[in-house]
Amino acid sequence: MKKLMLFAGLGLLVVLFFAVDLDRYFTLEQLKTSQAQFATWQAAHPWLFAISYFLSYVLITALSLPGAAILTLAGGALFGLWQGLLLVSFASSLGATLAFLASRYLFRSSIEQRFSQQLTAINQGIGKEGAFYLFTLRLVPLFPFFIINLLMGLTQLPTRTFYWVSQLGMLAGTIVYVNAGTQLAQINSLSDILSPGLILSFSVLGLFPWFAKGILGLIQRQRVYAGFQRPQQFDRNLIVIGAGAAGLVSAYIAAAVKAKVTLIEAHKMGGDCLNYGCVPSKTLLKTAKLAQQIQQAEHYGLANTQVQIQFQQVMQRVQRVIAEVEPHDSVERYTQLGVEVLQGYAKLLDPWRVEIKLSDGSSQHLTARSIILATGAHANIPAFPGIENSGYVTSDTLWERFASLEQAPKQLVILGAGPIGCELAQAFARLGSSVTIIEKAERILAREDRAVAELAAQALQADGIQLLTAHQVLGFEQTPTSKTVLVQTPEQTLAIPYDQVILALGRKARLTGYGLEELGIPTERTVLTNDYLETVFPNIYAAGDLAGPYQFTHVAAHQAWYASVNALFGQFKRFKVDYRVIPRVTFVDPEIASVGLTEQEAQAQQIAYELSRFEFAELDRAITEGTKTGFIQVLTVPGKDKILGVTIVGAQAGELLAEYVLAMKHGLGLNKILGTIHSYPTLAEANKYVAGHWKRQHSPERLLNWLARYHRWRLGSTQNLDKGKR
Ligand SMILES: Cc1cc2nc3c(=O)[nH]c(=O)nc-3n(C[C@H](O)[C@H](O)[C@H](O)COP(=O)(O)OP(=O)(O)OC[C@H]3O[C@@H](n4cnc5c(N)ncnc54)[C@H](O)[C@@H]3O)c2cc1C
């Protein structure tokens, strides 16, 4: 309401301005004619005159009315260069800021809701370079003053920045106009003031900060190398440190484009994903799911089906599967692909030199024009009191440690209810463990929407898992007969007994021990890189879990493309890593898969959306499979079929998501999914049905009413028309 009144008030002032023909006073001729008259008033009341002039200027600019240029000339003509400059400079900046604020107050939230995605990118640019953009726009007189005020108001540029950059940026133009005003008699038209030469000079001046920034960047890029001796020649085009997903893909690409590349791995080829992460965990989940399905066999009409878990065989299968996948990441395969693979521990000696302590005890030094760091992450082990004697395992150690157990741990405690914690909890619960999850947040899977996390919590509880959310770990205690985790809630302190405890409290990038500290490569939670994945040394790149912000195998591989292409061809063209469409799957049962925005993210970022939802309970194939739990939820731009985000909870959610990942990547909307044939009866049909749900929400009601009338008319009797109405 307030907005509406302000809008109406401002609108009224603008209408009045034109209605009473005030604009005719803001012409060069009128100014010249009235100059003597103004001078008389000024002589009689100098202060009042100056204040009135200042306020008129502020009002004209704040209302975005035409006349600022004439008023600026008047400033020079009536007050002289310096006083005129002072008045105009402050009045114009103040007026511009008021216009900026009005535009922000009146329009920003609705524009943000409609064009959320476009504005996100613009605001990111403004966040980084807003002052530069504005300065350039202010200096180059070709960009209209009032449009800049109004448009900038729609962005997230801070008001203070807008004010001071405007004042500074407009100064040169203001001087020119005020100065011209001091010789008003000689000006015949406004275009006399700005000659093409002057416009060009201003443009150069406006672009100067960009040149300066570029040159400064270049100098900074070179300065980091000061004190290091660049080799005359290089042994390799590229050295890649770490043979996990990021390192393997980087080396693969380099070899594919015929670069001389060395890949160095200190431990196991394939890194975390193959040896401790995705592959073993999904293998375990498969057996666990099978066990659970067998237990439910009666539901499918099968009797006498008792599951006997042979835990050691289960763990052996995990190792067999790893061994089966291993050849994909093996030294032999990569050597065949043209990669030199060295097994040893790599350390950066300087920006181009790497020392490798080879597994056979010898060492080797290599130089490379570019280096990609892909050293991954390790399990986070907080310093809880008593942890050192707790006998804890992490995903890095459990596969080996549990392999010797005859049975799944009886009392298993898992700290952390993120994806890894939840997956392992469900797997071991289904394999016979009594599992307790301890999580300090008030719910599990914090990244997911509340409804999704609740569904997952119900599924875990149905498997017998005890969920202790909002429980803070205090430490561990051991007696000769028992081991316990001490946890605290607002009400009480509890001791939870266990015979095995898994820490699933996140993974930390590997940042020490291989030269980052010595070279002064900045790190926070990860190695800091720019949009091109360059570290502070432009020839040293980082990818995968080491670079963050996502910790997924597919993101590591995605980054590897950017890191290797930029490393090898960056002198011609560099590519900014694109994180727009990142899918993620948590492989609990039912699976949780998402891409783009979740509902809670859209709300937190104040992005307007429409929600379409389809329940698997309505899908024929889900009914035949007995997998009715779950839903697909799609967020779209209001009034459009453009997909902002998708969350799927249900059987095969990870597979079903692929269609949306493709759609989002290539800008296909729900109409396209609806127009695509999906085989019957498949789970994938759900993707089409949710699109159908969206379509029904947007059906053209008026047209359909007319069609109804048309069809009734086609029935052949006006009576039918009347009946239809009733
Ligand atoms: C239990 C678990 C389940 C997971 N499940 C999934 C999943 O389902 N889907 C998914 O997308 N992601 C999953 N992940 C995450 C995934 O494993 C990681 O995101 C991925 O492995 C990261 O790859 P990377 O190349 O960055 O690092 P890594 O795979 O960790 O590879 C880094 C390599 O660098 C080597 N190295 C380190 N320092 C040196 C050095 N100085 N010299 C030489 N070599 C060195 C290490 O030995 C290691 O092999 C899971 C992780 C875990 C722990």
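K.L.:
Outline the state of the cysteines, supporting the account with residue identities and numerical values.
P.N.:
Working definition of a disulfide: a covalent bond connecting the sulfur atoms of two cysteines. Per the stated rule, a full pass over the model turns up one disulfide. Note that cysteine 273 is cross-linked by a disulfide to cysteine 278, the S-S spacing being 2.2 Å. Classification of the bridge connecting cysteine 273 and cysteine 278 rests on its S-S torsion, roughly -130°, and on that basis the disulfide is left-handed. Summary of cysteine pairing: cysteine 422 is not part of a disulfide, and the nearest cysteine sulfur, belonging to cysteine 278, is at 17 Å. Owing to a relative accessible area of 0%, cysteine 422 belongs among the buried residues under this scheme.

K.L.:
Now, about the packing of helix H10 (residues 245-256) against helix H19 (residues 553-569): what can you tell me, with residues and values included?
P.N.:
For the pair H10 and H19, interaxial distance at closest approach is 8 Å and the crossing angle is 40°. By the angle between their axes, H10 is oblique relative to H19. The hand of the H10/H19 crossing is right-handed. Touching Ala245, Ala246, Val249, Ser250, Ile253 and Ala254 of H10 are Thr553, Ala556, Ala557, Ala560, Trp561, Ser564, Val565 and Leu568, all from H19.

K.L.:
Account for the environment of histidine 471, with residues named and values stated.
P.N.:
Considering the arrangement of structural elements, one finds histidine 471 in the loop between strand S10 (466-468) and strand S11 (472-478). Sequence separation between histidine 471 and glutamine 488 is 17 residues; the distance between their C-alpha atoms is 5.5 Å. In this structure histidine 471 touches Ile438, Glu439, Lys440, Val487, Gln488, Thr489 and Leu494, once residues within four positions along its chain are discounted. Polar side-chain contacts of histidine 471 include one of 2.6 Å to the backbone oxygen of threonine 469.

K.L.:
So what about the nonpolar core? Which residues, and what values?
P.N.:
Leu284, Phe402, Phe428, Val435, Ile444 and Ile502 are the most contacted members of the largest nonpolar core, which totals 46 residues. Sequence-distant contacts of phenylalanine 402, defined by excluding residues within four places in its chain, comprise Phe311, Met315, Val393, Pro409, Leu412, Phe428, Gln500 and Ile502. In this structure, Tyr225, Val354, Leu511 and Val527 belong to the second largest nonpolar core, which totals 28 residues.

K.L.:
Report on unusual backbone geometry, specifying residues and quantitative values.
P.N.:
The peptide bond linking glycine 548 to proline 549 adopts the cis configuration, its omega dihedral lying at 0°. Looking at the secondary structure, you find proline 549 in the loop between strand S16 (540-542) and H19. For the peptide bond that leads from tyrosine 680 to proline 681, omega is -10°, which places it in the cis range. Considering the arrangement of structural elements, one finds proline 681 in the loop between helix H23 (670-674) and helix H24 (685-697).

K.L.:
Can you break down the side chain of threonine 489 residue by residue, with the values?
P.N.:
Positionally, threonine 489 belongs in the loop between strand S12 (483-488) and strand S13 (493-497). Threonine 489 gets classed as buried once you look at its relative accessible area, which sits at 8%. Beyond its immediate sequence surroundings of up to four residues, threonine 489 is in contact with Ala470 and His471.

K.L.:
Any chance you could break down the pairing of strand S4 (residues 353-358) for me, citing the residues and the numbers?
P.N.:
Here strand S3 (residues 340-348) runs beside S4; their pairing, made up of five bridges, is antiparallel. Each bridged residue has a counterpart across the sheet, and for alanine 346 the counterpart in S4 is isoleucine 356. Connecting S3 to the antiparallel partner S4 that follows it, the hairpin turn spans four residues. Strand direction decides the pairing type here: S4 and strand S5 (residues 363-373), joined by five bridges, are antiparallel. Pairing of lysine 357 across the sheet is with serine 363, part of S5.

K.L.:
Could you give me a rundown of the site of the ligand, with the residues and numbers involved?
P.N.:
With respect to spatial proximity, 39 residues lie near the ligand, and among them Glu265, Asp272, Lys282, Asp545 and Thr553 are the closest. Between the ligand and alanine 246, the relevant distance is 2.9 Å, taken from an oxygen atom to a main-chain nitrogen or oxygen of the residue. At a separation of 2.7 Å, an oxygen atom of the ligand approaches a polar side-chain atom of lysine 282. Within the complex, the protein chains bury 94% of what would otherwise be the 1000 Å² of accessible surface of the ligand. Broken down by secondary-structure element, the contributors of at least two residues to the shell around the ligand are H10, strand S2 (261-265), helix H11 (271-275), helix H12 (278-295), S3 and H19. Of the residues belonging to the shell around the ligand, the class tally is 18 nonpolar, 14 polar and seven charged.

K.L.:
Tell me about the packing of aromatic side chains, and name the residues and values.
P.N.:
Across all of its chains, the model carries 21 aromatic pairs by this definition. Look at tryptophan 561 and phenylalanine 575: their rings are 5.4 Å apart centre to centre, the planes differ by 65°, and that puts the pair in the edge-to-face class. Of this pair, tryptophan 561 sits in helix H19 while phenylalanine 575 sits in the loop between H19 and strand S17 (584-586), and the two are 14 residues apart along the sequence. Since its relative accessible area comes to 35%, tryptophan 561 is described here as partly exposed. Three or more aromatic residues joined by ring pairs make a cluster, and in this case those are Phe38, Trp41, Phe49, Tyr53, Tyr57 and Phe79. Cation over ring: lysine 573 sits above phenylalanine 575, and NZ or CZ is 5.2 Å from the ring centre. Arginine 709 extends its terminal NZ or CZ atom over the ring of tryptophan 706, reaching a point 5.4 Å from the ring centre.

K.L.:
Account for the sheet that holds S10, with residues named and values stated.
P.N.:
Spatially, the five strands line up as an open sheet ordered S7-S14-S8-S9-S10, and their pairing is parallel. Since the sheet does not close on itself, it has two edges, and those belong to strand S7 (393-394) and S10, each with one partner. With two bridges joining them, S7 and strand S14 (residues 500-503) adopt parallel strand pairing. Note that in S14 the partner of threonine 394 across the bridge is leucine 503. Where helix H16 (residues 419-430) meets the sheet, it contacts strand S8 (411-415), strand S9 (434-438) and S14, and its direction lies at approximately 165° from that of S9.

Rules used throughout
Residues numbered from 1 in each chain as written. Predicted model: local features only at pLDDT ≥ 70, side-chain atom pairs only at ≥ 80, totals over all residues. Heavy atoms only, no water. Disulfide = S-S within 2.5 Å. Buried < 20%, exposed > 50% of the residue type's maximum accessible area, 1.4 Å probe, protein only. Axes fitted to C-alpha atoms, helices over the stretch in contact; angles between N-to-C directions. Helix = DSSP H or I, 4+ residues; strand = E, 2+ residues; numbered from the N terminus. Parallel < 35°, antiparallel > 145°, perpendicular 65-115°, else oblique. Left-handed = near helix turned anticlockwise from the far one by under 90°. Contact = heavy atoms within 4.5 Å. Polar contact = N/O pair within 3.5 Å; in protein donor to acceptor, adjacent residues only side chain to side chain. Core = buried A, V, L, I, M, F, W, Y, C linked by side-chain atoms within 4.5 Å. Pairing = 2+ DSSP bridges. Near = heavy atom within 4 Å. Areas by Shrake-Rupley, 256 points an atom, 1.4 Å probe, with all protein chains shown as cover. Nonpolar A, V, L, I, M, F, W, Y, C, P; charged D, E, K, R; others polar. Phe/Tyr/Trp six-rings, centres within 6.5 Å; stacked < 30°, edge-to-face > 60°. Lys NZ or Arg CZ within 6 Å of the ring centre and 35° of its normal.

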